[in-house]
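As a plain string of letters, each chain reads:
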Amino acid sequence: MIQDHQAASARGAEPAPPYGAGADRESALRERLADVTDRAGVASRKNDRLANALRAARTELSALHQEIERLTAPPRSYGVFLGADRSARLVDVLLGGRRMELGVAANVPVGSLYPGMRVKVNEHLVVIATGGYEDTGQIVLVKELIDTDRALVTVREDEEHIMRLAGSLDRLKLHVGDALVADTRAGVAYERIVRAEVEELLLDEVPDVDYTDIGGLGPQIEHIRDSVEMPFLHPQLYRDHELKPPKGILLYGPPGCGKTLIAKAVANSLARTAAERSGQVSARSYFLNIRGPQLLNKYVGETERQIRLIFARAREKAERGIPVIVFFDEMDALFRTRGTGKSSDVETTVVPQFLAEMDGVEALDNVVIIGASNREDMIDPAILRPGRLDVKVRIERPTALGALEILGKYLTDTLPLAADEVHAAGGAEPAAQLMRQAVVEALYTDSAQTAFLHVRYAGGDTETLFISHFVSGAMLANIVDRAKKLAIKDLLATGTGGISTAHLRAAVAAEIAENEDLPSTTDPDEWARASGRKGERVVSLRVLRSVQEALQVDPSLADLPGPVVTRS
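As the structure is a prediction and not an experimental result, all values here were calculated from the model.

K.L.:
Which residues make up the environment of V194, and what values do they have?
P.N.:
With respect to the secondary-structure elements, V194 resides in the loop between β10 (188–193) and α3 (196–200). Overall, the relative accessible area of 56% leaves V194 in the exposed class. Each C-alpha atom of the pair V194 and L180 lies 8.7 Å from the other, and the pair is 14 residues apart in sequence.

Quick look at the structure:
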C-alpha cells in the first residue's frame with residue numbers, strides 16, 4: 001500500500017485525504033452556508049425596512065405636494081344655479097351678484113342641477129362641482145303664489161319681492177303666509193320654516209262637539225242653525241230671493257255659558273251637512289280657533305299681518321268647497337272701540353284691517369266668522385253693524401230647567417251612583433234625576449240662606465243677588481266633577497263607592513265658597529259687566545254671608561230634594 005501511494009504521488013495525483021478529513025470539511029461548509037444565510041436574512045430585512053421607509057417618504061412627499069398645490073391653487077367661487085341649456089351644457093349662474101352663462105366640467109351631470117343649488121366655479125369660470133342648498137338666510141313670508149316656480153313674498157315692513165322657489169321646495173305644497181328661508185340677493189327661497197305662530201293658526205279638523213252635547217240653549221241653537229246652515233243647505237234659494245247669507249255671528253253673554261261649544265258644534269254640523277250634500281262618507285270642515293289676546297304683538301304691524309294670514313288660510317280652504325269657521329274668542333280684547341285705548345291705540349289699525357278682511361270674504365260662500373265676547377259693549381261698532389257681524393245671539397245663564405238639562409249631560413245613570421239611593425229610587429236613572437234636582441234646588445232656591453251679594457246702583461236703588469244669578473254651564477260641570485272626586489275619596493277611605501246626594505251638596509257648597517271672594521269691591525261696575533250684568537252702573541258690592549255655611553245648616557236643603565224651583 002505504501003508503494004502504491006508513492007507511485008501515485010510520483011504520477012502527480014493528489015493523495016487521498018486521510019480517514020475522517022471529508023466529514024470535517026462538509027461540516028465547515030455547512031457552517032459557512034448557515035452564516036451566509038443569516039447574513040442574507042439580515043440584509044433582506046434591512047432592505048425591507050429601507051423600502052418601507054422609502055415608500056413612507058414617497059407618500060409624505062406626495063401629500064406635501066398635494067397640500068402645496070391646494071394652498072397655492074387659485075381661488076374658486078360659489079354661485080347659485082338658476083337654469084340650464086342642457087343640450088349645450090351651459091348653465092346660468094348667479095356669481096358675485098352677476099348672472100353669467102358658464103360651461104360645465106365633463107364630470108358634472110347637468111341633470112342633477114336644480115334652481116337654487118350651490119355650484120363651485122374654478123378660476124376659468126367653469127362649473128366643476130355641485131353642492132346642496134343654503135341653510136341660512138332671511139325669513140320671508142309668502143303673500144301670493146304666482147306659478148310653480150315663483151312667489152310674491154314680503155320681506156320686512158311689507159316690502160315685497162318676487163322670488164324663485166328652489167328645487168328643494170318642489171314637493172312641498174306652499175300656502176299663503178308660509179315662512180321661507182331666502183337669499184334676497186339671489187332672489188331664491190330655499191326652505192320652509194314652521195314657526196310657532198303659524199302652527200297656532202293652523203286649521204283644526206272637525207271638532208267632536210255636537211249640538212246634543214249642549215244643554216239649556218235650545219232657542220239660541222235654533223237661531224244659529226237658521227242663520228248659518230240654511231244658506232249652506234239652500235244657496236240657490238238665497239240667490240233666487242237676492243238674499244245674502246250672514247257674514248258673521250256674535251255670541252255674547254256671561255262667561256262659562258257655552259259660546260265656544262256652540263261655535264265648535266256649528267263647525268261639526270256644517271261638516272256633516274257638506275258630507276251629506278256631496279255624498280261623502282266622512283264629514284270635513286275646518287275650525288280656526290283664534291283667541292283675541294293671542295294675536296296681540298308689541299311690534300307694529302305684526303297683529304295686522306297675522307289677521308291677514310288667518311283670512312288667507314280660510315279663503316284657501318273655502319275655495320275648495322270646504323266649510324270654514326273662523327272663531328274669534330275674547331273678541332273685545334282685540335277689536336275694542338277705536339280711540340278708547342289707555343296705553344296705546346293699537347285698535348286704530350287692527351280694527352280697520354279686520355274690517356277689510358271681512359269685506360273680502362263677501363265673495364266666499366263657505367266662510368263663517370263667529371265672535372264671542374263677555375263685553376260686547378267694548379267691541380267697535382263698525383264690526384257689529386249689519387253686513388258684518390249682523391247676527392247677534394245672547395247666550396244667557398241657564399234657567400233651572402236649563403240647568404237640569406245641562407246636568408243631564410254630566411250626571412248620567414252610567415256613572416257609579418250610591419247603591420242605597422239607586423235602590424230607594426227604583427233604578428239608576430230615577431236616582432240620577434233626583435240628584436240633579438237636588439243640585440238645581442240648592443242653586444236656584446232664592447231665599448235668605450242663598451243670598452249672595454248686596455248691590456247698590458248709581459241711582460240709589462239696591463238689589464240682592466242670589467246664587468242663581470251666577471250659575472253657568474261651566475259651574476255645573478265643575479260641581480259634578482267635585483262630587484266624583486269626593487266619591488272616589490270615600491271609596492278609598494271606606495270601601496263604599498258611588499256618587500251620592502251628599503257628595504253633590506258638598507260640591508255645591510265648595511264651588512260657591514271658592515267664588516265668594518271674587519266680586520271686586522274696588523271696581524264693582526266692571527266686575528258686574530264682565531259677569532254679564534247689564535243696566536244701571538253699579539257703585540258698590542257687598543258679600544252678604546258665607547253661602548257655604550248657609551247651605552250646610554239650612555234644614556230645607558238637608559232633606560231629600562223636592563220639586564224644582566224655577567226662577568221667574
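K.L.:
Which residues make up the pairing of strand β15 (residues 391–394), and what are the values?
P.N.:
Side chains V391 and V393 project from β15 onto a buried face, and the interleaved K392 and R394 project onto a face without burial. Where strand β11 (residues 248–252) and β15 come together, four bridges link them in parallel fashion. Looking at the pairing, Y252 lines up with R394 of β15.

K.L.:
With reference to specific residues and values, describe helix α13 (residues 428–444).
P.N.:
With 17 residues, α13 ought to run about 24 Å at 1.5 Å a step, and its terminal C-alpha atoms sit 24 Å apart, in line with that. Counted residue by residue, α13 has 12 buried out of 17 residues, so it is predominantly covered. Inspection of α13 places A431, A432, M435, R436, Q437, A438, V439, V440, E441, A442, L443 and Y444 among the buried residues, and these make up the whole buried set.

K.L.:
Can you tell me about the sheet that holds strand β17 (residues 462–466), naming the residues and giving the values?
P.N.:
Spatially, β17-β16-β18 is the arrangement adopted by the three strands of the open sheet, whose pairing is antiparallel. Edge positions in the sheet fall to β17 and β18 (538–543), since each has one partner strand and no second. Adjacent strand axes in the sheet meet at a mean angle of 25 degrees, parallel and antiparallel pairs treated alike. Looking at chain direction, strand β16 (residues 451–457) and β17 are connected through five bridges and run antiparallel.

K.L.:
For the nonpolar core, give the residues involved together with the corresponding values.
P.N.:
Ranked by size, the top nonpolar core spans 30 residues in total, and within it F328, M331, F335, F354, I383 and L389 carry the most contacts. In this view, F354 contacts I307, F311, F328, M331, F335, I369 and I383; residues no more than four positions away in its chain are not counted. Core analysis: the next-biggest nonpolar cluster, separate from the first, contains 28 residues, A400, L411, I499 and I512 among them.

K.L.:
Can you break down the packing of aromatic side chains residue by residue, with the values?
P.N.:
Across all of its chains, the model carries five aromatic pairs by this definition. Members of the aromatic cluster, connected to one another through ring pairs, are F311, F328, F335 and F354.

K.L.:
Explain the side chain of N374 residue by residue, including any values.
P.N.:
Mapped onto the fold, N374 is located in the loop between β14 (367–373) and α10 (381–384). Judged by its relative accessible area of 15%, N374 falls in the buried class. For N374, the side chain forms a polar contact with the side chain of K259, separated by 3.2 Å.

K.L.:
So what's going on with the sheet that holds strand β2 (residues 90–95)? Which residues, and what values?
P.N.:
As summarised here, the arrangement of the five strands in space is β1-β2-β3-β5-β4, forming a closed barrel in which the pairing is mixed. Strand-to-strand, the axes of this sheet are offset by a mean angle of 55 degrees, without reference to chain direction. Where strand β3 (residues 98–104) and strand β5 (residues 126–130) come together, two bridges link them in parallel fashion. Paired with V104 across the strands is V127, a residue of β5.

K.L.:
Hey, could you go over the pattern of salt bridges for me, with residue numbers and the actual values?
P.N.:
The final tally for this structure, using the stated rule, is 10 salt bridges. The salt bridge involving R99 is made with D92; its shortest N-O contact spans 3.2 Å. For D92, a relative accessible area of 22% corresponds to the partly exposed category. The salt bridge partner of E160 is K143, with a shortest N-O separation of 2.3 Å. On the criterion of sequence distance, the pair formed by E160 in strand β8 (residues 160–165) and K143 in strand β6 (residues 138–145) is long-range, its members being 17 residues apart. Judged by relative accessible area, which is 40%, E160 ranks as partly exposed.

K.L.:
An account of the environment of T450 is needed here, citing residue identities and associated values.
P.N.:
One can find T450 in the loop between α13 and β16. Overall, T450 belongs to the buried group, its relative accessible area being 2%. Taking the C-alpha atoms as reference points, T450 and I467, 17 residues apart in sequence, are found 6.0 Å from one another.

K.L.:
Explain the confidence of the model for the chain to me, using residue names and the numbers behind them.
P.N.:
Detail in the predicted coordinates should be disregarded across regions flagged by low pLDDT. Overall, the predicted model of the chain reaches an average pLDDT of 78, with 82% of residues at or above 70. Contacts for the low-pLDDT stretch residues 550–568, under 50 throughout, to residues beyond four places or in other chains number 36 contacts.

Rules behind the numbers
Residues numbered from 1 in each chain as written. Predicted model: local features only at pLDDT ≥ 70, side-chain atom pairs only at ≥ 80, totals over all residues. Heavy atoms only, no water. Helix = DSSP H or I, 4+ residues; strand = E, 2+ residues; numbered from the N terminus. Buried < 20%, exposed > 50% of the residue type's maximum accessible area, 1.4 Å probe, protein only. Pairing = 2+ DSSP bridges. Expected span 1.5 Å × (residues − 1). Axes fitted to C-alpha atoms, helices over the stretch in contact; angles between N-to-C directions. Core = buried A, V, L, I, M, F, W, Y, C linked by side-chain atoms within 4.5 Å. Contact = heavy atoms within 4.5 Å. Phe/Tyr/Trp six-rings, centres within 6.5 Å; stacked < 30°, edge-to-face > 60°. Polar contact = N/O pair within 3.5 Å; in protein donor to acceptor, adjacent residues only side chain to side chain. Salt bridge = Lys/Arg side-chain N within 4 Å of Asp/Glu carboxyl O. pLDDT = per-residue confidence, 0-100.

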